[in-house]
Structures are given as C-alpha cells and as structure tokens.
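Below, each chain spelled out in residue letters.
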Amino acid sequence: MIDLHYWPTPNGHKVTMFLEEAGLPYTIKPVNIGKGEQFKPDFLAIAPNNRMPAIVDHEPPGGGAPITLFESGAILLYLAEKTGRFIAADLPGRAEMLQWLFWQMGGLGPMLGQNHHFSQYAPEKIPYAIERYVKETNRLYGVLDRRLADREFVAGPDYSIADMASYPWIVPWEKQGQNLDDFPNLKRWFTAIAERPGTKAAYARAPEVNPDHGKTMSEDAKKVMFGQTAKRV
C-alpha cells in the first residue's frame, strides 16, 4: 500500500495518473496547500521542501522499512522502476525517456508555473513578466509539438512517465494564453492521453479531495502559497 500525500495540482496529478494506470493500491492523504498543511511537522518529515506530492511506500521492493519520497519526478521514476512499467527496459530507451522527464521537471513545469503565477495570481499585472512567460510557454509547446511530429508519445512508441509528467501542465492551456490548434501534433497527443481510463480516473480524484477544485483561489490561500520564506518552516 502506498500513502500519497496529495493536492490536485499538475504535480499531484502526475502521480495519481501513474497509480491509476498501474493499478497500484494507494491511499490519498490530503495536503491542503492553501491552508498551509504542507508546513506540518509530520509532512515535513517526508517532504523537507514543504511541497507535495510525496509518497510513503509500505511495501518497497525487497521488503524492509517503508520508503519515503518527495519530488514528483523522483516519485514517477521510483514507481516505474518498482513496477517495471512505463519505462523502457533497454539503456537507450531509458536514456530517451529520462531526458524528456527532466525536460519537464526543469523547463516545462517551472516556466508554465511562472506563467500561471503572473497571469492568474499576481496582485499586480506586470506586462513584461506576463509576456516573458507566455512566450516561453509558447516556445516549449513548440518543442513538444516538434518532438511529437514523428512519434506517438514523448519518449517513443510507448506511453511512459515522460508523458505523465508533461500532460498535466498542458491541461490549463487556455489560462496559459495558448491555442492547441497551433500545435497539431501536441493536440493529437493531448487528446489521446485525456481519453485514457487512467487519466480520467486520476482527474476524478481531484474534486473528491478538494471540492473547490477549479475555483478562484482565495486571498488567504494566496498569502500562504506565495508568501513563503525560510522562516515559514
């Protein structure tokens, strides 16, 4: 059994997508990041960066003590290696997948996150910041679109954790100031993943955990989310 410390954000969706696709039993432990639950000592014990998701695997490979992990990319890689699923068995295929997983972790996620912040949440609209990140989002969409021009999935012919990592960040494409019609290969890939039963099941968990999912963030939640310093923990 896996305990998933989760809140329905793009990084949280990555892990539920894997767990649903693989059919692994798991229990969601909600971490309401708008109320500051990510700063509780018991959560910090497994996620020292005070960010979700995090997991506790009570049945790690080979037995032994439970394994705890934070960082969504590390979690996806661990689960893929644990199950032998959604990751290539050969070294070249694994290398191909890993570079696109890290592309998402180092580029697609952070840049689109800044897009969301300055266009949706910032208390003042800063035109330069909005333009900077909307354009970078567009560039990254183009990278993904070109990558998908001659293959079904990001890392090759098979669905992998590289796809699971990237898909949730494309879901709010309209709020990111993008048009999927401008990226036909990306749109084809996006539509195919959206129709997967595992994806549908994963996204169905969001309103179960947070009935206010999709609604405008409150001002109190913004203060918690965007006012963090070293002293906060």
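Provided above is the structure to which this section pertains.
Throughout what follows, the structure given in this document is the object of discussion.

Here is what the cut-offs are and how they apply
- Residues numbered from 1 in each chain as written.
- Predicted model: local features only at pLDDT ≥ 70, side-chain atom pairs only at ≥ 80, totals over all residues.
- Heavy atoms only, no water.
- Buried < 20%, exposed > 50% of the residue type's maximum accessible area, 1.4 Å probe, protein only.
- Helix = DSSP H or I, 4+ residues; strand = E, 2+ residues; numbered from the N terminus.
- Arc of directions from axis to C-beta.
- Contact = heavy atoms within 4.5 Å.
- Axes fitted to C-alpha atoms, helices over the stretch in contact; angles between N-to-C directions.
- Parallel < 35°, antiparallel > 145°, perpendicular 65-115°, else oblique.
- Left-handed = near helix turned anticlockwise from the far one by under 90°.
- Nonpolar A, V, L, I, M, F, W, Y, C, P; charged D, E, K, R; others polar.

To continue, consider helix H7 (residues 184-194). Count 3.6 residues to each turn of an α-helix, and residues three or four apart come out pointing the same way. All of the buried residues in H7 are Leu186, Trp189, Phe190 and Ile193. Burial along H7 is one-sided: seen end-on, the buried residues are contained in an arc of 100°. In this fold, the buried residues of H7 make contact with helix H1 (10-22), helix H5 (127-147), helix H6 (161-170) and helix H8 (197-209).

Their axes nearest at 8 Å, the elements H1 and H8 cross at an angle of 130°. What the angle tells us is that H1 and H8 run oblique. Along this stretch, H1 crosses H8, giving a crossing that reads as right-handed. Contacts between H1 and H8 involve His13, Thr16, Met17, Glu20 and Glu21 from the first element and Gly198, Thr199, Ala201, Ala202, Tyr203, Arg205 and Ala206 from the second. Split by residue class, the contact of H1 with H8 holds five nonpolar, four polar and three charged.

Take unusual backbone geometry next. In most cases, non-glycine residues show a negative phi, while peptide bonds are predominantly trans. The amide bond that connects Met52 to the next residue, Pro53, takes the cis arrangement and shows omega of 10°. Its location among the elements puts Pro53 in the loop between helix H2 (41-44) and strand E3 (54-57). Despite not being glycine, Glu71 has its phi angle at roughly 80°, a positive value. Note that Glu71 resides in the loop between strand E4 (67-70) and helix H3 (72-83).

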